[in-house]
Amino acid sequence: MNQQYNERVLLMCRGTACNSMGAKDIHSHLKELIENSELDDYVKIKSTGCHGFCQLGPTIIIQPDNILYVHIKMKDLEKIIEQHLKKNQIIEDLLYHDPKTGKAIQNMDNIQFYKEQVPIITKNCGKIDPEDIEEFISIGGYNAIKKVLGNFSPMEVIEEIKTSGLRGRGGAGFPTGQKWLLCHQAPGEPKYLICNGDEGDPGAFMDRTILESDPHSVIEGMLIAAYAIGASQGFAYIRAEYPLAIKRFELALEQSEKAGYLGENILDSGFDFTITLKKGAGAFVCGEETALMASIMGERGMPKPKPPYPATSGLWNKPTNINNVKTLATVPRIIENGHKWYNCIGTEDAPGTTVLALSGKINNSGLVELPLGTTIEKLVFDIGGGIPNEKQFKAVQTGGPSGGCIPKKYLDTPLDYKHLTSLGSIMGSGGCIVLDEDTCMVEIARYFMSFCQKESCGKCVPCRVGTKRMLEILTKITEGKATMKDLNDLEKLAQIVKNTSLCGLGQTAPNPVLTTIKYFRKEYEQHIKYKRCPALVCKSLIEYCIDENVCTGCGICKETCSVNAIQGMENSPHTINTDICTKCGVCYNACPNNAIYKKTNPINGC
Amino acid sequence: MGVEMEVKQMTNEKKFLTIDGKEIEFYEGQTILEVSKKAGIYVPTLCYLEGLEGYGACRLCLCKVEGVKKFLPACTTPAKEGMVVTTKDHELQEMRREIMKLILSEHPHSCLICENKDECERYRPSLQKTGRIFGCFSCPNKQECEIREIMEYLEIEDIEHDLYYKDYPLKREDPFIEKDYNICILCGRCVRVCNELRGTGAINFINRGHDTKVSTVLGLPHIESNCQFCGACVDVCPTGALSSKNTKWTTEYSEVKSSICGFCSVGCGFKYYSIHGEIVESIPDKTNTVNNGQACVIGRFCTPQFNNGKDRLKYPAYKLDDKHIPTNWSTIYEKIVKKLKKYNPEEIAILASPSLTNESAFLLNKFAHKVLLTNNIFTPLEENPIRIFYKQLQQQLNMKTYQRSFQSIKDSDIILLFNSDIQVSHPVLFIELNKAKKQGAKIISINLSKYEFSIDTKKLLDYDLNLSRKEMLSFIIAFCREFINNFEVPKSLISNFNDFTSWLDSIKPHMQENNFKEIISDIINALKNKEKFKGTIIFGLLKTISRDFIQDLLGSLFNIMVLTKQRFKILPLWRLGNCEGVYQNIFYDKKKDYKSTSQILKEISEGKIKVVYLTERINNRSFLDKLELVIIQDIYSSDDINFADFILPACSFLEESGSYINSESKLQKLTKSADEIGEAKPDWKILSDLACTYNKDMCNKFNYTDDKEILREIKETNPFLTEIAKEAKNQTHLNNQQTLFTFNFDRNYIRPFYDVFTQKSFKFRGEAIYKKVDDLRYLIEYRTEKIQTLELDKKIEEEPIKTPFKVIQNKEIAPNFFKLTIHAPFIAKKARPSSFIIIMNDEKSERIPLTLTDWNKNKGNITVIYQETGYSTRELSEVRRGEYLYSVVGPLGREIELKHFGTVLLGGGCYGIGAIYPIARKLKELGNRVIVILEARNQLLFYFEKEFENLADEVIYCTSDGSKGLKGKIDTGIKYVLDKGIKIDRCHFIGCTLMEMKASKMTEANGKIPTFVNLNTIMIDGTGMCGGCRVTLEKDGKEITKFACVDGPTFNGHLVNWERLITRGERLTFSESKIYQTHTCLALENKNNLGESNE
């Protein structure tokens, strides 16, 4: 007699992050185990997109129990089958533990990280199999396009999006409906639609996740947009560094074409639309819309000044509409639920939600979707779970490498376009990097400047030369070679680059510098005046020392030192010869007694 | 066409915007910059280029627009009704200054901000032909510098940023063009002109961020890329990053003349620059509407070399015992006349060169008919197509000529290229083709048999058909058939329409016709969709084709013109300079029965014609050997000129005024831009003088004072010239009775004489241009035969010159400064401070005097520091380690007195930093206190800093831009020392003449401190014989003459007559500036001696 088991669905995350932690093997092994057991008829295993909590991967959600298992390893699989699936016993060890209380949380909805989120864009992410169109359709996918083609004129669609207040989620926050209207009204045929999936910010993975987890929503959004502006040809520009996203999007294109959602005469409405996938070659600047279009046309990805805007003269000088992945994924939801529903979420100025990639010195790093207007404090401390290792919060950098750093005193700032801009930062694409007390703000500014400088396309002078000059000054400061005049020059230069650069890359590149000077000027001044790095980061300004009172003379540090800078007899305190020391920091990490410490010049300079 | 354009602009309602408070009218589509420019408002810009789309990269043209938060670039922002623009205010100017400073932080700017710049320029004794450009003094764009203009406009006096030197290697491997990307400001003009306008796309940006640079694919030399060497990139470069090799360092031009290039039938406008009557540079004229500032490799780069070639005929000469004896004009005229009179008129023939001016051609014809009384006047085969073209035009369209223009190419909707590869035959017109393509024209090429187009052309072609002659004709027939079926044809105007249709029906559709069906219906559909289509049929002469085929082809093409009511127009492209003009001026009299060229050649070989008067060379010896008397009136001499009995040196198109007719049938004026070479005279002058000598009665008929008189006479007598002089205004001959052309489709054509037109076919007066221009020959041969430079190198390596002077090291230690160590034990043994040596790189090279910097008696090595500053030092810089120098002589120079003086002040600049070093070392050994001042334009140009800092008691740095030490020149350094109150007992300075002069004057004024300088004079033998190094010293009011090589090089600085020294230094400037033009490539010469196949 077969025993009766509870019917369950296992949602196995197969996003890039979990895959890289071994989710592929775990998935196939688990499938094998289930197929070979008597559970076969009761338990279904589904590979889904990202669950958002990338830090804890690989993860499995067990439904309907609503239980999240984290950090799953091969050896845990037997346990899951035997204990959970067969005996309905929850495995405490695999549950998520709250970083503050240390308690295990059983129901996923009680996890702070998920509790506060409002999934609209990421509604389907982690819940459906992205490689199966049927699943998407079964939960109401492609209903929005059916609704549009059946009931709406293009102008009505535009009106609906306009009144919903949706703003571009790519960074600049231009009203989407307005953008469509401009393109709709622009003279010239044919018109083109582009989906911008060239997510180049380091540490950002929102677009990737959506493309990997829910590609059909993006396609549906593109269909609606194309219908509204009158385009029959679309391009999806996805960076080549996202192989999984490309694979799934290609598959989705194939499936939706087969199902009649793409191609000629879609759903017998007379509306034609095709999508061509273009792979970006990994240039950060190609996320800028005019550079992206140049890249599609086979030219070097360099931006063009606006006006003329793409809406009137874009691809091959024809009217072109270009939207971010997140924007397009939002569109079907608005059509389904109506603009009034959307208006109620977020703020009056910026309705809706935004997807953020939370990373840096934070307990819960991962992907979160929040209504606009949520405060930074809530993001960092409630959803993010605060700073690890009991360190102090120092700043949060929003909007990718060209966003500004927001200090502690503005923690109550709501996250939206208006407020972030007023602080000198940007909403950007949604990257959020949390910095703790061990971060040197000058070094962080230097780091981001070196990124932007390298990624400049080289076209306009302020961005190509200005950022290089800024980087030179920042390097001088971190090396303790700068004067106060350099700081003034840096500020002046930053302002010039911001005001005169051709595209968004150059215009925002000085943000990290300007905001750090604004909020952490003292730290700059200490670097310059006293040759002191208070966060003990800048190599030229620190020294490694051994505390005689703590050192046991174990000799581990001596062994690790590659330049033989450490001397000392066994069992007696060691010393570091600072003339030889290269400040690599290996001994610092190796010391079992924490006897090695870093020091920098004191404030008065003696 | 013109009328339509006007109408289009008229219908545009007037729109206005406000710029800087002024209300200005504009047309839709104009940018703010264009509107401002037209209104005379200056907005600075470095990346904008007229004729190209705005780019917005340099950010100098940023403006404020009311209601827009951001600053907008004027060059890309379209003007809008009611816009309020501010182009200049304090904030904008300040911003521009900062941007300009950023640009200049990567471009040598010491000369722009140096306080002494005016003085420096005035006293610079010779050209600085340095490889790397480190200031205006060595910049090819020095004379017209846009950067300097903007600097002055923005009133920038100082640049806070340190100069960032990119240290890219120099690119000198290509013919014609030299590149130094260290000074490139990445304005992108070259890239855009190459890609957008020329349609070549040989260069583009590579890399990202700060490493962005302009390059060909994979950084290959241009010769291995798609580059056509049109020079457009060089002409638009606002810096000296791209420069013409030949004229990189010319001195200031003494004259500029606008004239026409006579090498092909496009007739591009050029500005010819000359020095002392000699052409040194040709730059396309932006104001000329034929080429709009564009050129091809021949017009742009080959003109000066071709015109100044060393084989130019200079004196009239006659043959005596197989030798040519130069003589004067009157003697030669008499000798010629005496000989000519021995022959009957029918025994004499005259060859008219297609490169003659209209005036000369007219006189040649007159000379034949009126003086020699012969009808035997002919041209090289070129005239056949022209003759047929005008015959058919008259017969079929009842017109003498019609308005046709190169501009019409770009306005066409359909372009049919018959037998033409414009990029090869008429490169400048390729731009128009490229423009047409951009505006959506369909381009179809129909070529005889296989023809391989370049990639650029292939990109433009919608269809590329390689057909036989029959197929080509049936293509046209098929098109006519389709056209008649689909369109309304003005039957009433066509006298033989019915005959024509029945003729069409009689021709069975050719086998191939099905193959074109698709193409033809494509064309027909394209025409149907256009309400007012324009078509151009370009008739080219890529190959020489037989006469009867040209007749049928042109006749058929004219049929298209008739059927389409001239919406399709034929644009014939002739080959050489004045083909059409020479034809029209010789064969205009339709009553006379001219023999064809082949008929004349036949008569020569039959011995009926015994004398020819050539105005250009015939390469076919078999005809010439049959002749009894050959008179040649030409510009170039060559090995086979021996056949000529009389030589008359003529002028090139640059050396005379007159007129040409180009392929548009446009009369173009030539301006005399250069002096005649030797005794050469314009052709018409020679002819009229000869006529007068021949027959005194003719004197008044051939009495012309200038070419204008002849042109007046031509216009009176020649109906064609009268026609085109009217510029074919109001030509609507549509009401003429027209005829369609039919022919015997089944006839067999004579096999064509197979001759493909290539770059080698460009000729002037029968002389192939590539033969006289090394770089062009190299280019053509490299691309056709792929001779690799490596092979040439190998040859040299096989036979190394074995001399004792082995190069131990030759290394660039600072931009343009090289440290050369040579093994020369005898010199090392005898070297003393201030000694110099003379180096010869190879047996033909110049002798270079260089001061010793270091020597090692034990190893037997000597070291010199030299600056690459001219042709010879450039050659020297290319010598590699392990190679041998031809000769090293030394140590030369008088020993200087060095002892314990007390405190000694030494100064070094440029090469002098190295030269002063051994003196400093010796003085220090002798117990002196040594203070050293080092001077350079920028800190990057210093070397030996460590050595001096270890040696001297104090080292003071002076830089023009203040990048290291004091800001200023040597005098700033001396002042600094004196101000400190240090008592100086003796001074010694080595550097450029200006620096030494300044220093000497300074020490003289400050207590006459004994001062010595090493003079760098022109030096040849180094033994006091040649006198080149003469120096004048003034002592107690008396002039003393000394020779630097034996009496110096060290002299008392207070006695030197500096003014005279500087004037002497300037002597070499002109010949030095021309060295690249006159230099012949030895490697190529050797190769050709091994046996060059004649054409």
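Look up a bit, the structure's there.
Reading guide: rules and limits
Residues numbered from 1 in each chain as written. Chains lettered and ligands numbered in written order. Predicted model: local features only at pLDDT ≥ 70, side-chain atom pairs only at ≥ 80, totals over all residues. Heavy atoms only, no water. Helix = DSSP H or I, 4+ residues; strand = E, 2+ residues; numbered from the N terminus. Rg over C-alpha atoms; globule rule 2.2 N^0.38 Å. Contact = heavy atoms within 4.5 Å. Areas by Shrake-Rupley, 256 points an atom, 1.4 Å probe, with all protein chains shown as cover. Lys, Arg positive; Asp, Glu negative; His and termini not counted. Charge placed at Lys NZ, Arg CZ, Asp CG, Glu CD. Disulfide = S-S within 2.5 Å. Buried < 20%, exposed > 50% of the residue type's maximum accessible area, 1.4 Å probe, protein only. Pairing = 2+ DSSP bridges. Core = buried A, V, L, I, M, F, W, Y, C linked by side-chain atoms within 4.5 Å. Axes fitted to C-alpha atoms, helices over the stretch in contact; angles between N-to-C directions. Parallel < 35°, antiparallel > 145°, perpendicular 65-115°, else oblique. Left-handed = near helix turned anticlockwise from the far one by under 90°. Nonpolar A, V, L, I, M, F, W, Y, C, P; charged D, E, K, R; others polar. Buried area = accessible area lost by both parts, 1.4 Å probe. Salt bridge = Lys/Arg side-chain N within 4 Å of Asp/Glu carboxyl O. Polar contact = N/O pair within 3.5 Å; in protein donor to acceptor, adjacent residues only side chain to side chain. Expected span 1.5 Å × (residues − 1). Arc of directions from axis to C-beta. Phe/Tyr/Trp six-rings, centres within 6.5 Å; stacked < 30°, edge-to-face > 60°. Lys NZ or Arg CZ within 6 Å of the ring centre and 35° of its normal. 1 Å grid on protein atoms, 1.4 Å probe; cavity = no way out; pocket = protein on both sides within 12 Å on 5 of 7 lines; lining within 4 Å. Points joined across faces, edges and corners; volume = space filled by probe spheres on them.

Caption draft 1: Here's a closer look at the overall build of chain B. A count of helices and strands for chain B gives 40 helices and 43 strands. The C-alpha radius of gyration of chain B comes to 34 Å, within 12% of the 31 Å expected for a compact globule of 1095 residues. Viewed in the frame of its principal axes, chain B has a C-alpha envelope of about 110 × 90 × 55 Å. Within chain B, counting contacts between residues at least 6 apart in sequence, those at least 24 apart form 71% of the total. Total accessible area on chain B is roughly 45200 Å²; 48% of this is exposed by carbon and sulfur atoms. Charge separation in chain B, taken as the distance between the mean sites of 152 positive and 147 negative side-chain charges, equals 1 Å.

Caption draft 2: Broad picture of the state of the cysteines. Applying the stated criterion to the full structure yields one disulfide over all chains. Two residues, Cys692(B) and Cys699(B), share a disulfide whose sulfurs are 1.7 Å apart. Disulfide Cys692(B)-Cys699(B): the torsion about the S-S bond is 70°, which places it as right-handed. Under the relative-accessibility criterion, Cys699(B) is labelled partly exposed at 24%. Not engaged in a disulfide, the cysteine Cys533(A) finds its nearest cysteine sulfur in Cys440(A); these two sulfurs lie 3.7 Å apart. On the basis of relative accessible area, Cys533(A) is assigned to the buried category, the value being 0%. Summary of cysteine pairing: Cys58(B) is not part of a disulfide, and the nearest cysteine sulfur, belonging to Cys47(B), is at 3.9 Å.

Caption draft 3: Representation of the pairing of strand β25 (residues 658-661) of chain B in the model. All names here are of chain B. Burial of the side chains of β25 extends over both faces: Gly 658 and Tyr 660 are buried on one face and Ser 659 and Ile 661 on the other. Summarising the sheet, β25 and strand β26 (residues 667-670) pair through four bridges and their orientation is antiparallel. Opposite Ile 661, over in β26, you have Leu 667 as the bridge partner. If you look at the hairpin formed by β25 and β26, you'll find five residues sitting between the two strands, and Ser 665 has a positive phi there, around 65°.

Caption draft 4: Highlighting the nonpolar core. Counting residues in hydrophobic clusters, the biggest one holds 170 residues, and the most contacted among them are Leu490(A), Tyr524(A), Met100(B), Phe176(B) and Leu776(B). Ranked by residues supplied to this core, first place goes to helix α18 (residues 461-478) of chain A with eight residues. Residues within four places of Tyr524(A) in sequence aside, it is in contact with Met441(A), Val442(A), Ala445(A), Leu474(A), Ile477(A), Leu487(A), Leu490(A), Val513(A), Thr516(A) and Ile517(A). Of all hydrophobic cores here, the second largest spans 114 residues; its members include Phe362(B), Cys480(B), Phe500(B) and Leu576(B).

Caption draft 5: Structural view of the packing of helix α7 (residues 154-164) of chain A against helix α10 (residues 215-229) of chain A. Residue and element names in this part refer to chain A. One way to put it is that α7 packs onto α10 with a least axis distance of 7 Å and a crossing angle of 120°. The angle between α7 and α10 falls in the class oblique. Classified by chirality, the crossing of α10 by α7 is left-handed. Residues Pro 154, Val 157 and Ile 158 of α7 touch α10, and the partners they reach there are Ile 224, Tyr 227 and Ala 228. Its residues placed into classes, the contact of α7 with α10 shows six nonpolar, no polar and no charged.

Caption draft 6: Spatial organisation of the interface of chain A and chain B. Counting residues at the interface gives 34 residues for chain A, matched by 33 residues for chain B. Buried surface at the junction of chain A and chain B, summed over both partners, amounts to about 2700 Å²; 60% is from carbon and sulfur atoms. Three residues, Arg300(A), Arg464(A) and Arg469(A), lead the burial of chain A against chain B; their summed loss comes to 21% of the area buried on that side. Across the contact surface, chain A and chain B share three salt bridges. The residue Arg469(A) makes a salt bridge to Glu106(B) at a minimum N-O spacing of 3.2 Å. In this assembly, chain A and chain B are joined by 15 residue pairs in polar contact (both at pLDDT 80 or more). Of all the secondary structure elements, the ones that give two or more residues to the side of chain A that touches chain B are α17 (441-455), α18 and α19 (484-500) of chain A.

Caption draft 7: Structural context of the pattern of salt bridges. Residues and elements named next belong to chain B. Under the definition given, this model contains 81 salt bridges over all chains. A salt bridge links Lys 15 to Glu 28, with the shortest nitrogen-to-oxygen separation between them at 2.3 Å. Here Lys 15, found in strand β1 (residues 15-19), pairs with Glu 28, found in the loop between β2 (22-26) and α2 (32-38); they are 13 residues apart in sequence, far enough to count as distant. The shortest N-O distance in the salt bridge between Arg 777 and Asp 774 comes to 3.0 Å. Of this pair, Arg 777 and Asp 774 both sit in helix α28 (residues 774-785), three residues apart, which is roughly one turn of the helix.

Caption draft 8: Geometry of helix α2 (residues 23-35) of chain A. All names here are of chain A. Counted at 1.5 Å a residue, the expected span for α2 with its 13 residues is 18 Å, and the 18 Å between its end C-alpha atoms agrees. Among the residues of α2, Ala 23, Ile 26, His 27, Leu 30 and Ile 34 are the ones counted as buried. Looking down the long axis of α2, one finds its buried residues gathered within 100° of arc, a one-sided arrangement. If you follow the buried residues of α2, they end up packed against β1 (8-13), α1 (16-20), β2 (43-48), β3 (60-63) and α3 (76-86).

Caption draft 9: Highlighting the packing of aromatic side chains. Residue and element names in this part refer to chain B. If you walk through the whole model with that rule in mind, you get 57 aromatic pairs over all chains. Both rings, one in Phe 757 and one in Phe 762, keep their centres 5.4 Å apart while their planes meet at 75°; by these two values the pair is edge-to-face. The pair Phe 757 / Phe 762 is uniform in exposure class, with both members buried. Put simply, the rings of Phe 263, Phe 306, Tyr 636, Phe 653 and Phe 764 pair up and form one aromatic cluster. It is Lys 341 that lies over the ring of Tyr 694; its NZ or CZ is 5.1 Å from the centre. Positioned over the ring face of Trp 855 is Arg 921, at 5.6 Å from the centre of the ring.

Caption draft 10: Looking closely at empty space enclosed by the protein. All names here are of chain B. A full pass over the atoms with the stated rule returns 16 cavities of 30 Å³ or more. Put simply, the largest cavity is a space of about 130 Å³. Contributing to the lining of the largest cavity are 16 residues, with His 107, Pro 108, Cys 136, Cys 139 and Cys 145 lying nearest its centre. Tallied by class, residues from the lining of the largest cavity come to nine nonpolar, five polar and two charged.

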